[in-house]
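Structural features, examined
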Amino acid sequence: LGIFSFITIRAQLRQRRWLPWLLLGLIILMLLSVNGINAGITFLVRDITNALIQKDENESYKNLWILGICFIAALPIRSFQFYFSAKLQLLWREWLSKSLITDYLDDRTYYILNPNDESETNIDNPDQRITEDARDFTAQTIDLSLNIFDSLLVFSLNIFILLSISKELTLALIVYATIVSSLLLFASRKLFKLNYDQLRYEADFRYGLVHIRDNAESIAFYSGENPEKSESERRLGEVVRNFNLLIIWKAIIFAIKRSINYAGNFFPYLIMAIPYFAGEIDYGRFIQASFAFGMVEGSLFFIVNQIEELAKFTAGISRLAGFQSKVEEVSNKLIVNQEDEYFINQNNIIIKNADLYPPGSDIPIISDLNISISETDSLLVVGPSGCGKTSLLRMISGLWKPRTGIIEKPNIGDLLFIPQKPYLILGSLREQLCYPMQEDRFSDDHLRSVLSEVNLESLIERYPELDIKQDWPRILSLGEQQRLAFGRLLLNSPRFAVLDEATSALDIKTEQLLYNLLKKRALSVISVGHRPSL
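The model shown is predicted, which means the values in this text are computed figures rather than measured ones. (Residues numbered from 1 in each chain as written. Predicted model: local features only at pLDDT ≥ 70, side-chain atom pairs only at ≥ 80, totals over all residues. Heavy atoms only, no water.)

1. Side note on the pairing of strand 2 (residues 348-356)
Every regular strand shows the same layout, with side chains that alternate between the two sheet faces. Relative to strand 3 (residues 366-374), strand 2 runs antiparallel, the two being bridged by six bridges. What sits directly across from isoleucine 351, in strand 3, is isoleucine 371. Taken together, the four bridges between strand 2 and strand 5 (residues 404-409) define a ladder with antiparallel strand orientation. Counted as the bridge partner of lysine 352 is isoleucine 406 from strand 5. (Pairing = 2+ DSSP bridges. Helix = DSSP H or I, 4+ residues; strand = E, 2+ residues; numbered from the N terminus.)

Dropping the structure here:
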């Protein structure tokens, strides 16, 4: 059986899928062990109490030794349980985050979702959902699941002990817990919405500060500190306003919970006092009943005591589920809409009878367009601002789909798009140049040669080490960024280059130099621009 099992799941074993299940099994085993020890402790407490009352020294010390051994045994079990639970949370979070990132980046889902247009997507701050919400979801799910399982074990073991001592006390506890839990859950409904809103407001506030950091130079040029301060304070105001409501409702819930805890202390005394004073039970059983009552009460009120965490957990799940379902919806739409409007053509870009509408609009920006661009052609797109020049490039690149018509274009690697403000990744100078290819494809001498070709010798002098990491969008001027993008274009060597005013920040001489480099590489160039020199 062991050999058969190994052969059947050997692929999963190689991928370490067995590790989370092993950790979960160990955690459950530890919970069973600790609860078994706790159940035994109730009897030890009873015997110790009776021995003390009877002044039986030997029996008292014997039971104390056994109680100490139980505590010594439980300590490492609890410690390893904490470690394995945290490790399981980390493994799950890593898997979930990788899965979300993959789905988010596949098929340009991140572009289609367009988080800046919240009215269209209802998906705000996807960065927070992949990072914080995924982290909280995995941690809280495991904690809640294990705590619920632990509470069920506590209830199962101690309810029989309590029943064996007093059926009246057991029945009173169950009725009391049912009524109070229902009342508190009803009072806590407001917390769920407030926690959901709080996560969003916190994320919006953080995004506003990140936006200031990313656009620090532009804000400084405009001296736009006051508007930025006003906007940041407005976002902070939303955080504070919602949190004030949270504080009020948390205070109400806290008062109810404390009242429940205080009231629960009276039940064992009120109900067990009668049989105790009547001599029907000894004091040890009275203490054991109080101990078991507390354990069962804690397990029954687990959800009530965790109501605030449950509200946060529900809010996190809603945001994560909303994000994941939206990503899946976009992916399914892409599969359904992958009709025959795009074909692979190795040597040409051909557009036939294409009508293009901007997203969310019924007004065409391009109508019945027919054009053919071979790998030996170059095309210059000119026209007044807003007439649809960049929209044409988006259609050619596949970012916007034509509503009608057919487009033939080369494979992704043979078509490279360079925008007016080049995209610079979070990485080294080497990675900037090689993007989106692997940096180990080119030698240092090759990279330095390309930098010299695009007139970036000064960059080599400032940063002779190509592996240096800097905040490149802030350090490099727009002209340097555009030249760096041309260096990237030369290294990628596509068959077609799509340039959207990619030399707008350069002088005429440098612009001519860069276009001549593309001609030498025999690239077909599609350009949007306003300069007559183009």
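2. Notes on the nonpolar core
Leu429, Leu451, Leu484, Phe486, Leu489, Leu499 and Leu518 are the most contacted members of the largest nonpolar core, which totals 35 residues. The set of elements that each furnish at least two residues to this core consists of strand 6 (415-418), helix 17 (429-434), helix 18 (444-453), helix 19 (457-462), helix 21 (478-492), strand 7 (496-500) and helix 22 (508-520). With six residues, helix 21 is the single largest residue contributor to this core. Formed by 18 residues, the second largest nonpolar core is a distinct cluster that contains Ile349, Ile366, Val381 and Leu392. (Core = buried A, V, L, I, M, F, W, Y, C linked by side-chain atoms within 4.5 Å. Buried < 20%, exposed > 50% of the residue type's maximum accessible area, 1.4 Å probe, protein only.)

3. Remarks on the sheet that holds strand 4 (residues 379-381)
One open sheet accounts for four strands, arranged 4-8-7-6; its pairing is parallel. Each edge of the open sheet is held by one strand with a lone partner, namely strand 4 and strand 6. Neighbour-to-neighbour, the strand axes of this sheet turn through a mean angle of 10°, independent of strand direction. Pairing of strand 6 with strand 7, which is carried by four bridges, proceeds in the parallel orientation. Bridge assignment links leucine 415 to a residue of strand 7, and that residue is phenylalanine 496. (Axes fitted to C-alpha atoms, helices over the stretch in contact; angles between N-to-C directions.)

4. As for the pattern of salt bridges
This structure, assessed with the given rule, holds 22 salt bridges. Of the charged contacts, one joins arginine 235 and glutamate 231 as a salt bridge, the two residues approaching to 2.9 Å between their closest N and O atoms. Here the residue arginine 235 and the residue glutamate 231 both occupy positions in helix 11 (residues 225-264), the gap between them amounting to four residues, near one helical turn. Given the relative accessible area of 29%, glutamate 231 is considered partly exposed. (Salt bridge = Lys/Arg side-chain N within 4 Å of Asp/Glu carboxyl O.)

5. Re a nonpolar patch on the surface
Together, Ile101, Leu105, Tyr110, Tyr111 and Ile112 make up an exposed nonpolar region whose accessible area comes to about 430 Å². Every element with two or more residues in the nonpolar patch is listed here: helix 4 (57-105) and helix 5 (109-113). (Patch = residues over 30% accessible without salt bridge, like charges linked within 9 Å, V, L, I, M, F, W, Y side chains within 5 Å. Areas by Shrake-Rupley, 256 points an atom, 1.4 Å probe, with all protein chains shown as cover.)

6. A closer look at the environment of serine 524
Looking at where serine 524 falls in the secondary structure, it is placed in strand 8 (residues 524-528). Its relative accessible area of 0% is what places serine 524 among the buried residues. Considered as a pair, serine 524 and leucine 379 are 145 residues apart in the sequence and their alpha carbons are 8.1 Å apart. Looking at serine 524, its side chain comes within polar contact range of the main-chain oxygen of serine 374, at 3.2 Å. (Polar contact = N/O pair within 3.5 Å; in protein donor to acceptor, adjacent residues only side chain to side chain.)

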